[in-house]
Amino acid sequence: MARGVRPASRFGLLGRLWFQVLVGMALGVLVGRLWPNAGAAMKPLGDGFIALIRMLIGPVIFCTVVHGVAGMNDMRRVGRVALKAIVYFEVITSIALVFALIGVNLWKPGAGMNIDAHALDAKAVAGYVAQSHQQGVADYILHIIPVTFASAFTTPEVLPALFVSVLFAFALTAVGEAGRPVLAFIEAASKVFFRMVGLVMWAAPIGAFGAIAFTVGKFGWGSLIQLGSLIAEFYVVSLLFTVVVFGLIARAVGVSLWRLIVYIRDELLITAATTSSETVLPALMDKLKSLGCEESVVGLVIPTGYSFNLDGTCLYLASAAVFLAQATNTPLGLPAQLGLMAVLLLTSKGAAGVAGAAFVVLAATLGAVGHVPVASVALVLGIHRLMAEALTFVNVVGNALAAIVISRSEKAVDLAVLQAKVGAGPRPTLSPQAPAR
């Protein structure tokens, strides 16, 4: 049983976290519909839950990565795992961008809207545009290095914490026997932090209630049907990408995609309510270790994936960008769309699973490409949270699957446990084996 999620109580279904989150979401919709002002005022509940989880992400990453990497005691293997993960991430996110571009060009959700970009209210998105900025490769790399050791854990970004953790793990391995007491302390601290995650997860239904009540109360029922064609297109594309691409990958590694989704249903429901995949990062890491994946691999792949393997975010950015071009009658031919894809391969890495980050990155991407008016992002402001529910779902499933893929390639997974919990069925090639040490 995962330490990061509370167990079911003697109350049966009522004691299940996923059911409680569903109840919270349903109550949120009801409050937002009947009492819009009260629903909009529930926003602090969702924000508070996200803040509680965000508070623990840095320490959880540090303890997991340091204990896993230092315990691995093979720096060449660490480098190999990291390289495999980065290559895998780039391939899958590229496929996601192509998938989204094909879908939005075939569906054409923005065709016929004939929106005059100059007539749009730019003030509505001024805050988001102000946050966006063009960032080169050098700037991106330098941004990973924190100002101080401690500051790596005081920002919402994952990569600085991962960078410091890996550096600390390398140094701890280099000092040899003298570092063993430190490693033992970090292992004990890891248990404490995961217990804290378990305690915070008790607030998940309340956070889900507040987030959904705010969405419905703030934007109203009209937000559920406004720009319906784009919403429908994006959900269909996200579903097809999950079934086709993730389904083929899961089949290749002997995993049932459906069983995997059911296994992480608590995390998926929380991300749907909060529209932030960051809220389940610690619990997701613990769930994957419970599947038999080695801690060292999970500790490297999942935090890195939260910046480099945002498949759902890539689907959103490509779909929204081309939609805005269609809606404003902006010519965007094949060469321009290929250029857009190249820019998105970089800018999407800045959309780590924080709620609302994808919208800021969308504004930054339009500014970097220069074809589509940046002010046009106002068209999707009201429905961004609805689309974020699908993109965060894809992000979480994609990262869970990535950890299994890399673990399988490294023979760093207990196949008997994996097969029992999420296996696709008996396969001759999947003989049980102990995790690599």
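Residues numbered from 1 in each chain as written. Predicted model: local features only at pLDDT ≥ 70, side-chain atom pairs only at ≥ 80, totals over all residues. Heavy atoms only, no water.

### Looking at the overall build of the protein chain
So, step 1. The number of helices and strands found in the protein chain is 21 helices and zero strands.
So, step 2. Burial status across the protein chain gives 55% buried among its 437 residues.
So, step 3. Restricting the contact set of the protein chain to residue pairs at least 6 apart, pairs at least 24 apart contribute 82%.
So, step 4. In the form shown here, the protein chain has an accessible surface area of approximately 18,200 Å², with 69% of it arising from carbon and sulfur atoms. (Helix = DSSP H or I, 4+ residues; strand = E, 2+ residues; numbered from the N terminus. Buried < 20%, exposed > 50% of the residue type's maximum accessible area, 1.4 Å probe, protein only. Contact = heavy atoms within 4.5 Å. Areas by Shrake-Rupley, 256 points an atom, 1.4 Å probe, with all protein chains shown as cover.)

### Structural notes on the environment of A51
So, step 1. Residue position: A51 is located in helix α3 (residues 43–72).
So, step 2. Separated by 228 residues in sequence, A51 and T279 have C-alpha atoms that sit 8.5 Å apart.

### Let's talk about the packing of helix α11 (residues 228–252) against helix α16 (residues 311–327)
So, step 1. Across the interface, α11 lies against α16 with an axial gap of 11 Å and an inter-helix angle of 145 degrees. Where α11 crosses over α16, the two elements pack in a sense that is right-handed. Touching L230, E233, F234, V237, S238, F241 and F246 of α11 are D311, G312, L315, Y316, S319 and F323, all from α16.
So, step 2. The class makeup of the residues in the contact of α11 with α16 is eight nonpolar, three polar and two charged. (Axes fitted to C-alpha atoms, helices over the stretch in contact; angles between N-to-C directions. Left-handed = near helix turned anticlockwise from the far one by under 90°. Nonpolar A, V, L, I, M, F, W, Y, C, P; charged D, E, K, R; others polar.)

### Considering the nonpolar core
So, step 1. Y316 and L362 are the most contacted members of the largest nonpolar core, which has 127 residues in total.
So, step 2. No other element matches the 15 residues that helix α20 (residues 384–409) contributes to this core.
So, step 3. Discounting residues that sit within four places of it in the chain, L362 has contacts with Y316, L317, A320, A321, L324, V377 and V380. (Core = buried A, V, L, I, M, F, W, Y, C linked by side-chain atoms within 4.5 Å.)

### A word on the environment of A390
So, step 1. One can find A390 in helix α20.
So, step 2. Take A390: its relative accessible area is 8%, and that puts it in the buried class.
So, step 3. Linking A390 and T313, residues 77 residues apart in sequence, is a C-alpha distance of 9.2 Å.
So, step 4. Excluding residues that lie within four positions of it along the chain, A390 makes contacts with F234, Y235 and S238.

### Brief notes about the side chain of E295
So, step 1. Tracing the backbone through its elements, the reader meets E295 in helix α15 (residues 295–308).
So, step 2. According to the relative accessible area criterion, E295 is buried, its value standing at 19%.
So, step 3. E295 has contacts with T64, H67, G68 and K289, leaving out every residue within four places of it along the chain.

### Notes on the packing of aromatic side chains
So, step 1. The final tally for this structure, using the stated rule, is nine aromatic pairs.
So, step 2. Between F149 and F168 the ring centres are 6.4 Å apart and the planes differ by 55 degrees, which places this aromatic pair in the tilted class. Taken together, the residues span a long stretch of sequence, with F149 in the loop between α6 (137–144) and α7 (159–174) and F168 in helix α7 at a distance of 19 residues.
So, step 3. Look at F168 and you get partly exposed, because its relative accessible area is 28%.
So, step 4. Between F234 and Y316 the ring centres are 6.2 Å apart and the planes differ by 80 degrees, which places this aromatic pair in the edge-to-face class. (Phe/Tyr/Trp six-rings, centres within 6.5 Å; stacked < 30°, edge-to-face > 60°.)

### A short note on the pattern of salt bridges
So, step 1. Per the counting criterion, the structure on display carries nine salt bridges.
So, step 2. When the shortest N-O distance is used, the salt bridge between R77 and E294 registers 3.1 Å. Separated by 217 residues along the polypeptide, R77 in helix α4 (residues 75–107) and E294 in the loop between α14 (281–290) and α15 bring together distant segments of the chain.
So, step 3. Ionic pairing is found between E410 and R80, a salt bridge with its closest N-O pair at 2.8 Å. With a gap of 330 residues between them, E410 in the loop between α20 and α21 (415–422) and R80 in helix α4 connect regions that are remote in the sequence. (Salt bridge = Lys/Arg side-chain N within 4 Å of Asp/Glu carboxyl O.)

### Quick notes on the confidence of the model for the protein chain
So, step 1. Looking at the protein chain, the pLDDT average stands at 81 and 83% of residues meet or exceed 70.
So, step 2. The least confident element of the protein chain is helix α10 (residues 222–225), whose mean pLDDT is 50; the most confident is helix α12 (residues 257–263), at 96.
So, step 3. Across residues 427–437, where pLDDT falls below 50, the model places 27 contacts with residues more than four positions away in sequence or in other chains. (pLDDT = per-residue confidence, 0-100.)

### Notes on the environment of F241
So, step 1. Mapped onto the secondary structure, F241 falls in helix α11.
So, step 2. Taking the C-alpha atoms as reference, F241 lies 8.7 Å from A100; in sequence the two are 141 residues apart.
So, step 3. In this structure, F241 is in contact with I92, I95, A96, F99, F246, D311, L315 and V394, ignoring residues within four places of it in sequence.

### Quick look at α15
So, step 1. For α15, built from 14 residues, the straight-helix expectation of 20 Å at 1.5 Å per residue is met to within 8% by its first-to-last C-alpha distance of 19 Å.
So, step 2. When you tally the buried positions in α15, you get 14 out of 14 residues, the bulk of the element. (Expected span 1.5 Å × (residues − 1).)

### Describing unusual backbone geometry
So, step 1. Of note, the phi angle at N329 is positive, near 55 degrees, even though the residue is not glycine.
So, step 2. Along the chain, N329 falls in the loop between α16 and α17 (334–347).
So, step 3. Looking at N329, the relative accessible area reads 47%, which means it is partly exposed.

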